[in-house]
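Coordinate inspection notes
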Amino acid sequence: MKSYIDIENGVVPSVCSLDCPDQCGLLIHKEEGKIVKVTGDPDHPITKGNICNKVRNMGERIYDQKRVKTPLKRVGEKGEGKFVPISWDEAIDTITTKWNNLIEEEGPESILPYSFYGNMGNLSAEGMDRRFFSRLGSSQLDRTICSAAGSVGYSYTMGGSFGTDPEDTTETKLFILWGINAVSTNMHQITIAQKARKNGAKMVVIDVHKNQTGRMADWFIPILPGTDGALALGLMHILYKENLVDRKFLAEYTVGSDELEKHIEQYHPQMVSEITGVPVDDIYKLARMYGTTSPSLIRIGNGLQHHDNGGMITRTIVCLPALVGQWLVKGGGAVKSNSGFLSFNKQALQRPDLQKTKTRTINMNQIGKALLETKDPIRSLFIYSSNPAVVAPEANKVREGLARQDLFTVVHDLFLTETAMYADIVLPATSAFENMDFYTCYWHNHIHLHEPVIGPYGESKSNTEVFRLLAKALEFEEQALKDNDEELIKQALSDLSNPFLPDLTYEKLKEERYIKASNTNNFLNYLNTPSGKIELYSKKMEQDGYSPLPTYTPLVEEEDYPFLFVPGPNHNFLNSTFSNNEKHIKLEKEPKLFMNQQDADLRGIENGTTVRIWNDRGECELTVSVGDHVLPGVVVSQGLWSDMPGKKQLVNALTPDRAADMGGGAAFFSGRVDVEAIGKDSTV
């Protein structure tokens, strides 16, 4: 059988590599060896041929004239964007010569990798790179920018990333979408919900912003940022008081119900209303709806955990399905991440044993602070699958650090991103369509194998290939640093201890292309909590310095600024991916700031006005959209926009780099700002 690369004309299978819970099955249409169209695979059991605009237009990104085609060397000032082409040999020699000198003079910890999931393939994101930097002895990166806080909080309650099978939610009668703009970030959950609504299901959306998902809801509940845990506790208060809890389920499957019942006495709906901005009557209405409707599903969003108290928020919300016994009902329960069902042998893939001495670990959310540290400074960065100059908090600090003349920076990417503009060496990266990899979804329960469908663009190389080249140039002799991609996948799928993938092999995955985890509806029998049950009261949390019971803690106060600021996702970008593409920019139109009419009137701000948003971290300028999209005292922007001449739209210049309460997670959404009008935009 021909490889997919060799098929010049025809349709070949693929999978979406974007950091999105849906992980769609794709069909790639080729003519004369090039991608001419990307469509959904109608045979995929859950995505069923439906795909979003982002991946539908992926061909334009793959063949964009702005793609980096060869290695580049900087010849201008950092940030100026002046580069000249060089060979791969020169690039690798330049990097390894610099690193050898740094290792000799300052030690390998002076070097730091910086990456995230710009490509969700497991080899690309956490394969040969982990092996290489462990062997190098470099500083390590704590990759906490996305889901760390919520994952830790969820695990305290449930023992891992396990939840309801999305395919079962066709049976659901009540969907509570909590802190997730699913229309833009989990479209297939919306597709399922819409089908269920035709059979009488209701959809409730709880969020800080009446976005596309909120506008689609049967009932939209606006809430003040960072207060979601208080609302969940208020719901618990009513569920216990009105005897809407399933005491049989609580006795058999949980620990701590009695302690929780006493604890939530203090969360009276009146107090919760004052904290959250949700009217008392609505708190009662929601609690009764949740306590009397079955099956009911809570879809827990990503935004909730991006607060100072994000881990505890998630931990608290996920207690709710246990109170009403929904985990035993098909289509009931909750979903945050189901990645636990698809866990593989990370030890075999990443080989942490290659690290011979303990090194420092740097939280990726605080990369700006770390780059400006003068004691034992970072002297070299290797950046891949991420664009920290745009996506990291305290962005002005990040850029100040990247501009350091004594910092040697290498960026491996498809484009000259804002980060790459500060690089000394830029290496051209392959797209996911050019790589072999395997993918484990964090929403539905399928694992996918991907074989390349086109050859490398220009002189681009994959992450795994680059790290093999660097290892060879540094004369690392370990076989683990020479393994090819197929061998890496086989190792990752070897000696699995995952009961939900009992018969998985590379050969079987290659034959079937995607395989669903089995027996997932019985996950309550496999809970990896200390008690083996759902822990409403967690002794482990107590040992770790947290309240053992769900508790509301207010956000960190930034008293000088009147507005809570939430920079959420938009519809046509994924973080900074696609924000440099003209088609996606036209689809998204312009960055906006959503503001309540009451706040706008008090400040004399009219709809369509250009406003300055600022705090002591930075400032940006956006067009304001005035209305009832947000509660008073809250402003929301959408999307991470690429740099444009004459524009100030770097919203992460405003976000704090504080660590959240758990897992070192980001607190993007807990910052405060002030807003003032600076001009009228005649185009609005």
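Just above sits the structure.
Residues numbered from 1 in each chain as written. Predicted model: local features only at pLDDT ≥ 70, side-chain atom pairs only at ≥ 80, totals over all residues. Heavy atoms only, no water.

**A word on helix 5 (residues 128-136)**
Most of helix 5 sits inside the fold, with eight of its nine residues counted as buried. Within helix 5 the residues assigned to the buried category are M128, D129, R130, R131, F132, F133, S134 and L136. (Buried < 20%, exposed > 50% of the residue type's maximum accessible area, 1.4 Å probe, protein only. Helix = DSSP H or I, 4+ residues; strand = E, 2+ residues; numbered from the N terminus.)

**Quick word on a negative patch on the surface**
Judged by side-chain charge, D6, E8, E31 and E32 come together as a negatively charged surface patch. You can see E8 is positioned in the segment before strand 1 (10-15). (Patch = residues over 30% accessible without salt bridge, like charges linked within 9 Å, V, L, I, M, F, W, Y side chains within 5 Å. Areas by Shrake-Rupley, 256 points an atom, 1.4 Å probe, with all protein chains shown as cover. Salt bridge = Lys/Arg side-chain N within 4 Å of Asp/Glu carboxyl O. Lys, Arg positive; Asp, Glu negative; His and termini not counted. Charge placed at Lys NZ, Arg CZ, Asp CG, Glu CD.)

**A word on the packing of helix 10 (residues 228-241) against helix 14 (residues 280-292)**
One can describe the packing of helix 10 onto helix 14 by two numbers: an axis separation of 9 Å at closest approach and a directional angle of 65°. When the axis of helix 10 is compared with that of helix 14, the two are roughly perpendicular. Helix-helix and strand crossings are classified by hand; for helix 10 and helix 14 the assignment is right-handed. Contact residues: helix 10 offers L231, G234, L235, I238 and L239, while helix 14 offers I283, Y284, L286, A287, Y290 and G291. Residues of the contact of helix 10 with helix 14, tallied by class, amount to nine nonpolar, two polar and no charged. (Axes fitted to C-alpha atoms, helices over the stretch in contact; angles between N-to-C directions. Parallel < 35°, antiparallel > 145°, perpendicular 65-115°, else oblique. Left-handed = near helix turned anticlockwise from the far one by under 90°. Contact = heavy atoms within 4.5 Å. Nonpolar A, V, L, I, M, F, W, Y, C, P; charged D, E, K, R; others polar.)

**Thoughts on the sheet that holds strand 19 (residues 446-450)**
Ordered in space as 18-19-20, the three strands form an open sheet in which the pairing is antiparallel. Each having just a single partner strand, strand 18 (437-440) and strand 20 (514-516) make up the two edges of the open sheet. Averaged over neighbouring strand pairs, the angle between their axes works out to 15° when direction is ignored. Both strand 18 and strand 19 contribute to a ladder of four bridges, which runs antiparallel. Each residue of the ladder has a partner; that of Y439, found in strand 19, is H448. (Pairing = 2+ DSSP bridges.)

**As for the pairing of strand 24 (residues 609-615)**
Of all seven residues that make up strand 24, six are buried, and the element is covered over most of its length. Both strand 24 and strand 25 (residues 618-627) contribute to a ladder of six bridges, which runs antiparallel. For R612, the partnering residue across the bridge sits in strand 25 and is E621.

**Overview of helix 6 (residues 148-158)**
For helix 6, the buried fraction is high: eight of the 11 residues fall into the buried class. Considered for burial, the residues of helix 6 that qualify are A148, A149, G150, G153, Y154, Y156, T157 and M158. One or two positions beyond helix 6, positive phi appears at G159, with a value near 80°.

**Observations concerning the side chain of S337**
Residue position: S337 is located in the loop between strand 13 (333-335) and helix 17 (346-350). For S337, the side chain forms a polar contact with the side chain of S339, separated by 3.1 Å. The residues contacting S337, other than those within four sequence positions of it, are S161, F162 and Y442. (Polar contact = N/O pair within 3.5 Å; in protein donor to acceptor, adjacent residues only side chain to side chain.)

**Section: the environment of C16**
Looking at the element boundaries, C16 is found in the loop between strand 1 and strand 2 (25-31). For C16, a relative accessible area of 7% gives the class buried. Distance in space between the C-alpha atoms of C16 and L414 is 17 Å, their sequence separation being 398 residues. Those residues in contact with C16 that lie beyond four places of it in its chain are Q23, C24, L26, V55 and Y439.

**So, unusual backbone geometry**
The peptide bond linking S294 to P295 adopts the cis configuration, its omega dihedral lying at 0°. With respect to the element layout, P295 can be found in the loop between helix 14 and strand 12 (296-300). Even without being glycine, R351 reaches a positive phi, approximately 50°. When its relative accessible area of 26% is taken as the criterion, R351 is described as partly exposed. Here the phi dihedral of D495 falls at roughly 50°; this positive angle occurs in a residue that is not glycine.

**Details of the pattern of salt bridges**
Pairing is possible between side chains that carry opposite charge, provided their charged atoms lie close to one another. Evaluated as defined, the whole model comprises 36 salt bridges. A salt bridge links E451 to K510, with the shortest nitrogen-to-oxygen separation between them at 3.0 Å. Taken together, the residues span a long stretch of sequence, with E451 in the loop between strand 19 and helix 21 (463-473) and K510 in helix 23 (residues 506-512) at a distance of 59 residues. Here D674 and R603 are joined by a salt bridge, their closest N and O atoms 2.8 Å apart. In this pair, D674 is assigned in strand 27 (residues 671-680) and R603 in helix 26 (residues 597-603), connecting sequence segments 71 residues apart. A cluster of three or more residues bridged by salt bridges with shared partners is formed by R612, E619, E621, K648 and E676.

**Thoughts on the nonpolar core**
Membership of the largest hydrophobic core comes to 180 residues, with the highest contact counts inside it found for W99, F132, W178, W327, L381, F382 and V675. Ranked by residues supplied to this core, first place goes to helix 10 with nine residues. Leave out the neighbours within four places in its chain, and F382 touches W99, L112, P113, Y114, F133, V410, H412, L427, V466, F467 and L470. V12, I35, V38 and I51 belong to the second-largest nonpolar core, a separate cluster that totals 22 residues. (Core = buried A, V, L, I, M, F, W, Y, C linked by side-chain atoms within 4.5 Å.)

**What about the state of the cysteines?**
Summed over all chains, the structure comprises zero disulfides. Cysteine C146 is unpaired, with the sulfur of C20 as its nearest cysteine sulfur at 11 Å. Cysteine C441 is unpaired, with the sulfur of C20 as its nearest cysteine sulfur at 7.9 Å. The exposure class of C441 is buried, given its relative accessible area of 1%. (Disulfide = S-S within 2.5 Å.)

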